[in-house]
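Report on the structure
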Amino acid sequence: MVKTLNFWKDKNVLVTGHTGFKGTWLVNLLTQLGAKVSGYSLKNELDYGFYHKTKTNQKINSFYGNICDKNSLKSFMDQVNPEIIFHLAAQPLVRLSYIDPVDTYNTNVVGLANILNISRETKSLKVFLNITSDKCYENFEWDWPYRENDLMGGHDPYSNSKGCAELLTKAFRMSFFNPDNYNKEHNICLSTARAGNVIGGGDWAQDRIIPDLIKSLIEGKKLEIRSPNAIRPWQFVLEPLRGYLTLAEFMYEDGLNFSGSWNFGPDNKDNITVEEMINMLSKHLNINDFYQIIESSRYHEAKLLKLDISKAKNTLGWKPILNMNETLKFVAEWYIGFINNDNVDDLTNKQINDYISLIES
Ligand SMILES: NC(=O)c1ccc[n+]([C@@H]2O[C@H](COP(=O)([O-])OP(=O)(O)OC[C@H]3O[C@@H](n4cnc5c(N)ncnc54)[C@H](O)[C@@H]3O)[C@@H](O)[C@H]2O)c1
């Protein structure tokens, strides 16, 4: 499953953004592996919910607060004394970042500086993994996948805030968590993880194609697709999460050699267009004639984005195990279950178990 399944037993882990789509999956995965999990995040009550429909809240030490609030974050971290932090709290939407760029930079950059600064005084901490995005790269709209040492950039405020988050993490690494001073002046290994377009049940974010599709089915409307030809690195949520856990374990055990930036994306053949992905998904959902293509959005969005995952494959031994069809089968199964009023906890935990058995087989 991950480097060592037993590694996570009793580990003291803090997840920021634990009420979000990826955060809820991560917390469920970690608790299944026996970790002692805490969560710090805004409450995040979306229409159809995910976190608040699961029993996740009962399994962890959860606190609702803003990542930019120094006092509340510091007192929570002093109470928790985490050994490992997965930082996922963010404003993650491109279109929302055009509407409120200042809030996006506040959360994604100032909030990150806040938690990194508090981490300097957190004696228990060994691993800090900052979750950024494939969108952190300067996008040249070319066919080559981006490698970890490519230029940071970002056209829109969200993508750019993730480029800034990468640069900020690097500055903290050089200044305060420098590998040269590891085990001398500090004991913290600081890295970033850049995943692609993560898909899976429980995502209800605005302006993401799969949540939009499911909401349009529930509400009896046609899905509107704005960028049918945009190519994206789609991946099932548990794939990058397994990558984060694998990396964190390496960082914990060898803080000197595993700080840096890491891409976690699908295999090259699974970089497909929005329209191709939606058509493949429709077969699993058993629907047709469900979308219309509308005029392009007035907001710029990248058309071509691929990630080079050689570093994670060669150094961590991590690689995706699902192809596009298997990925979409997981996605469809979860949302069909949700629409049929199945228990969200059972659905989520079943998928975690199914995924673990695939890894172990
Ligand atoms: N979903 C994807 O396709 C994808 C791809 C690449 C990277 N990412 C990154 O992964 C992380 C999680 O994304 P997600 O899809 O789960 O997003 P999400 O919107 O579902 O979750 C975001 C989480 O951050 C919390 N949050 C937002 N603003 C906050 C603030 N000011 N203070 C405290 N908490 C705050 C929310 O309450 C929520 O828990 C983000 O950093 C995102 O940029 C996501």
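See the structure printed just above.
Below: a short report on this structure. Only a predicted model underlies this, so the values are computations on that prediction, with no experimental measurement involved.

Reading the values: the criteria
Residues numbered from 1 in each chain as written. Predicted model: local features only at pLDDT ≥ 70, side-chain atom pairs only at ≥ 80, totals over all residues. Helix = DSSP H or I, 4+ residues; strand = E, 2+ residues; numbered from the N terminus. Expected span 1.5 Å × (residues − 1). Buried ≥ 20, exposed ≤ 12 C-beta atoms within 10 Å, placed from the backbone. Arc of directions from axis to C-beta. Core = buried A, V, L, I, M, F, W, Y, C linked by C-beta atoms within 7 Å. Contact = placed C-beta atoms within 7 Å. Pairing = 2+ DSSP bridges. Near = placed C-beta within 6 Å. Nonpolar A, V, L, I, M, F, W, Y, C, P; charged D, E, K, R; others polar. Axes fitted to C-alpha atoms, helices over the stretch in contact; angles between N-to-C directions.

Thoughts on helix H12 (residues 344–360)
Look at H12: 24 Å from first C-alpha to last across 17 residues, which is about the 24 Å you get at 1.5 Å a residue. Turning to H12, its buried residues are Val 344, Leu 347, Thr 348, Gln 351 and Tyr 355. Angular distribution of buried residues about the axis of H12 spans 95°; they occupy a single face of the element. Opposite its buried face, H12 presents the exposed residues Asp 346, Asn 353, Ser 357 and Glu 360, each directed more than 90 degrees away.

What about the nonpolar core?
Counting 87 residues, the largest nonpolar core has Leu 30, Phe 86, Leu 129, Leu 247 and Val 331 as its most contacted members. In contact with Val 331, not counting residues within four places along its chain, are Ile 199, Gly 200, Gly 201, Ile 210 and Leu 281.

Observations regarding the pairing of strand S10 (residues 260–264)
Counting buried positions along S10 yields four of five residues, so the element is predominantly enclosed. Summarising the sheet, strand S6 (residues 189–195) and S10 pair through five bridges and their orientation is parallel. The partner of Thr 192 across the bridge, within S10, is Ser 261.

What to know about the environment of Glu 301
Topologically, Glu 301 is positioned in the loop between strand S12 (291–293) and helix H10 (310–316). Residues Glu 301 and Ala 230, 71 residues apart in the sequence, show an inter-C-alpha distance of 8.6 Å. Among all residues touching Glu 301, those that are not within four sequence positions of it are Val 94, Ser 227 and Ala 230.

So, the site of the ligand
As a matter of local geometry, the ligand sits amid 25 residues, with Gly 17, Gly 20, Lys 22, Asn 44 and Ala 90 nearest to it. Looking at the shell around the ligand, the elements with two or more residues in it are helix H1 (21–32), helix H5 (101–119) and strand S7 (197–199). A class-by-class count of the residues in the shell around the ligand yields 12 nonpolar, 12 polar and one charged.

Thoughts on the sheet that holds S10
The strand order S3-S2-S1-S4-S5-S6-S10 describes an open sheet built from seven strands, whose pairing is parallel. The open sheet has two edge strands, strand S3 (61–64) and S10, and neither has a second partner. Across this sheet, the average inter-strand angle for adjacent strands is 15°, counted without regard to direction. Of the strands in this sheet, strand S1 (12–16), strand S2 (36–41) and S3 are in contact with helix H3 (residues 70–80), which crosses S2 at around 180°.

What to know about unusual backbone geometry
The backbone phi angle of Asp 10 is positive, close to 65°, even though this residue is not glycine. With a phi angle near 60°, Asp 207 is a residue other than glycine that sits in the positive phi range.

Just geometry here; none of it tells us what the structure is for.
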